[in-house]
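# Tertiary structure, described
Below are the chains, spelled out letter by letter.
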Amino acid sequence: SQQGEEDPQALSIQEGENATMNCSYKTSINNLQWYRQNSGRGLVHLILIRSNEREKHSGRLRVTLDTSKKSSSLLITASRAADTASYFCATVLRMDSSYKLIFGSGTRLLVRP
Amino acid sequence: DTGVSQNPRHKITKRGQNVTFRCDPISEHNRLYWYRQTLGQGPEFLTYFQNEAQLEKSRLLSDRFSAERPKGSFSTLEIQRTEQGDSAMYLCASSQIGQGKSDEQYFGPGTRLTVT
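Overview of the structure. (Residues numbered from 1 in each chain as written. Chains lettered and ligands numbered in written order. Predicted model: local features only at pLDDT ≥ 70, side-chain atom pairs only at ≥ 80, totals over all residues. Heavy atoms only, no water.)

### Side note on the environment of Tyr87(A)
Residues and elements named next belong to chain A. Note on placement: Tyr 87 falls in strand S9 (residues 85-93). Tyr 87 sits in the buried class, given a relative accessible area of 2%. Placed 52 residues apart in sequence, Tyr 87 and Tyr 35 show a C-alpha to C-alpha distance of 5.7 Å. A distance of 2.6 Å separates a polar atom in the side chain of Tyr 87 from the backbone oxygen of Asp 83. (Helix = DSSP H or I, 4+ residues; strand = E, 2+ residues; numbered from the N terminus. Buried < 20%, exposed > 50% of the residue type's maximum accessible area, 1.4 Å probe, protein only. Polar contact = N/O pair within 3.5 Å; in protein donor to acceptor, adjacent residues only side chain to side chain.)

Here it is as structure tokens:
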């Protein structure tokens, strides 16, 4: 079963607004990563946050991690139509030497021009 | 371009046929992962290699599936006697694990398999 669950499953906003997506997971992690996927294409890595970090920024992206609540959020500020995509969180479990990614089911974001 | 490449990008096959996909990772990466993604879902881990050694296989990888990475470079994923339930996007990713290296995985564009 998937480790992470994203919320909401779908989000529709106007260009220029902020978009917030949440991810919850079940077991202790080494790190949590966010990926973007345009329709029918491969995954693009957005940002990685380690279990000892609480917040990271990358351009218009802000990621937070709350290990006590086993949750993370991805904020995209000043959204653009080009941000329309599916967004997935993925976790790497603590003590898992494989570093395999365990994905949630994703949030489908639509940014209306 | 030094990204991860996958071939073919699309494959349509009839039930019962065998198919083989290829993944060429980023050249200096020592780890290679295969994932499968069905419509509307996130990718699910299938297997991974550290250099040429296959170190872990998911229970999703039935005995009809086999993966190889013979020289620690490119990898192939073969599905024998395909079933309609095998229809999915097959994604390959690579990473460089080691001191001072990021464990970020870089994904290829995927191979979309349709079994009719």
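### So, the pattern of salt bridges
A full pass over the atoms with the stated rule returns seven salt bridges over all chains. In this structure, the salt-bridge partner of Lys100(A) is Asp96(A), at a minimum N-O distance of 2.8 Å. Residue classification places Asp96(A) among the buried positions, given a relative accessible area of 14%. Connected through salt bridges with shared partners, the residues Asp96(A), Lys100(A) and Glu56(B) form a single ionic network. (Salt bridge = Lys/Arg side-chain N within 4 Å of Asp/Glu carboxyl O.)

### Digging into the interface of chain A and chain B
Opposite the 25 residues of chain A that make contact, chain B presents 23 residues. In total, chain A and chain B occlude about 1700 Å² of area from one another, counting both sides; carbon and sulfur atoms represent 48% of this. In this structure, the connection of chain A to chain B is made through one salt bridge. Here Glu56(B) and Lys100(A) are joined by a salt bridge, their closest N and O atoms 2.8 Å apart. On inspection of chain A and its partner chain B, the count reaches nine residue pairs in polar contact (both at pLDDT 80 or more). (Contact = heavy atoms within 4.5 Å. Buried area = accessible area lost by both parts, 1.4 Å probe.)

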